[in-house]
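Descriptive structure summary
So the chains spell out like this:
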Amino acid sequence: MEETDPKAAYLSAVRRLMYELAQGGLRMGVSHGMLESALREATLEAAFSQFERSGTKITTSSLHVATGIHRREISRWMKQRDSAEQERPRIANDSPSARVVTRWSSNRSYSSAEGEPVALPMAKRSDGPSFAQLVEEIGPEVRAKSVLDGLIAAGLVEDLQDGTYQLTSTAFLPEANSTESIGFLAANVGDHLSAAVHNISASPEDRFFERAMFNPDLSPQKVQAMREALSTSAMELLQNMVTLSEEQTSDGEAPRGDAGGQRVRIGVYFYQEETSK
């Protein structure tokens, strides 16, 4: 029977989402108590942020009323939150390595006339692009040598032995169970969830674009064909979006969005599994 109570429907959706997080947590040795603690802290942080945006006075009592969490737990959390050692939830961004690969593979400054990534020397130079310049555009706090060594170790960049380096793959895929792969979980799924939760109550014209196709009964051959087709078309879409984001607009807007104050994430995913007979 279809659920008609929005709160009950939301809790059902939350259980579905938490099931996947619990599955991953169990594989990594994360206990129920750890997940419960993370959920409690996330609930308090969400209430804290909502109060901040609305200008509501934030107290132990107001957080207790909003969340139902015991006042003693809230007091302990607020003390930890105010300490310098407390790591606050923050917007997760792609790793420097991922951003370097994306910019190298799609930005015209680092592409040939045919649109292919060009080989780059390490040191900055006045007559052309360099790897050091590429990394500097990603962020001044990032060390070019560390990024290059990591990309070579991952098999994404080849040392051509002539003082230049060639990008060999346009997709950055972190190692399994690495902190970078978990970072992508937070960044990509986190923003998708933000968009989906926003769309629940937003008016149609204010909703973020969110579409999916689903077919419950396909042959393995058809699934593989779809997977390969999506890999090609999705990479083309994402590269086009990167190019569009870096183009200078007719009104002289800075190509890197220095004055815009907006961030965007566009993602594509594919999932398959055997259906029960």
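Residue indices begin from 1 for each chain and proceed along its sequence in written order. This being a predicted model, a pLDDT of at least 70 is required before a residue's local features are given, and a value of 80 or more before pairs of side-chain atoms are given or counted; all residues contribute to the totals for chains, interfaces and linings. Processing note: side-chain calculations cover all non-hydrogen atoms of the structure and skip hydrogens and water entirely.

Section: the overall build of the protein chain
- Segments assigned H or I by DSSP are reported as helices when at least four residues long, segments assigned E as strands when at least two residues long, and all are numbered from the N terminus. Assigned secondary structure in the protein chain consists of nine helices and three strands.
- Seen along its three principal axes, the alpha-carbon backbone of the protein chain occupies a region of about 65 × 55 × 45 Å.
- Looking at the protein chain as a whole, 22% of its 277 residues qualify as buried.
- Contacts: residue pairs with any heavy atoms within 4.5 Å of one another. When contacts within the protein chain are restricted to residue pairs at least 6 apart in sequence, long-range pairs at least 24 apart make up 49% of them.
- Just so you have it, the protein chain exposes about 20,200 Å², and 53% of that area is on carbon and sulfur atoms.
- His is not counted, nor are the chain ends; Lys and Arg add positive charge and Asp and Glu add negative charge. All charge positions are set by atom: Lys at NZ, Arg at CZ, Asp at CG, Glu at CD. Within the protein chain, one finds 29 positive and 39 negative side-chain charges whose respective centroids are separated by 8 Å. Three exposure classes are used, based on accessible area relative to the maximum for each residue type with a 1.4 Å probe and protein chains only: buried under 20%, partly exposed in between, and exposed over 50%. Throughout, the Shrake-Rupley method with a 1.4 Å probe supplies accessible areas, and for residues the shown protein chains are the sole cover considered.

Things to note about the environment of alanine 153
- Relative to the helices and strands, alanine 153 resides in helix α7 (residues 144-153).
- Taking the C-alpha atoms as reference points, alanine 153 and glutamate 45, separated by 108 residues in sequence, lie 38 Å from one another.

Here we look at the packing of helix α6 (residues 131-138) against α7
- Here, axes are lines fitted to C-alpha atoms. For helices the fit covers the stretch in contact, and angles between N-to-C directions go from 0 to 180 degrees. Packing of α6 against α7 leaves a shortest axis separation of 9 Å and a crossing angle of 105 degrees. When the axes of α6 and α7 are compared, the pair comes out roughly perpendicular. Facing Phe131, Ala132 and Val135 of α6, the residues of α7 in contact are Ala144, Val147, Leu148 and Leu151.
- A breakdown of the residues in the contact of α6 with α7 according to their chemical character gives seven nonpolar, no polar and no charged. Put simply, angles under 35 degrees are roughly parallel, angles over 145 are roughly antiparallel, angles from 65 to 115 are roughly perpendicular, and the rest are oblique. Under the scheme applied, nonpolar residues are Ala, Val, Leu, Ile, Met, Phe, Trp, Tyr, Cys and Pro; charged residues are Asp, Glu, Lys and Arg; polar residues are all the others, including Gly.

Things to note about the side chain of aspartate 191
- Position of aspartate 191 among the secondary structure elements: in helix α8 (residues 179-201).
- Taking the relative accessible area as the measure of exposure, aspartate 191 reaches 18% and is therefore buried.
- N or O atoms within 3.5 Å of each other form a polar contact, as long as, within protein, one can give a hydrogen and the other can take it, and as long as residues adjacent in sequence are counted only when both atoms are side-chain atoms. For aspartate 191, the side chain forms a polar contact with the side chain of arginine 265, separated by 2.6 Å.
- In contact with aspartate 191, not counting residues within four places along its chain, are Ala186, Arg263 and Arg265.

Focus: unusual backbone geometry
- Positive phi is not limited to glycine here, since glutamine 161 has a value of about 65 degrees.
- Inspection of the secondary structure puts glutamine 161 in the loop between β2 (157-159) and β3 (164-167).

Some words on a nonpolar patch on the surface
- A cluster of nonpolar residues, Tyr10, Leu17, Leu21, Met28, Ile182, Leu185, Val189, Leu193, Val197 and Ile200, forms a patch on the protein surface that exposes about 900 Å² of accessible area.
- Every element with two or more residues in the nonpolar patch is listed here: α1 (6-27) and α8.
- Sort the elements by how many residues they give to the nonpolar patch and α8 lands first, with six residues.
- Given a relative accessible area of 40%, valine 197 falls into the partly exposed group. Like-charged residues are merged into a patch within 9 Å and nonpolar side chains (Val, Leu, Ile, Met, Phe, Trp, Tyr) within 5 Å, provided each residue has over 30% relative accessible area and no salt bridge. By definition, a salt bridge exists where a carboxyl oxygen of Asp or Glu is found within 4 Å of a side-chain nitrogen of Lys or Arg.

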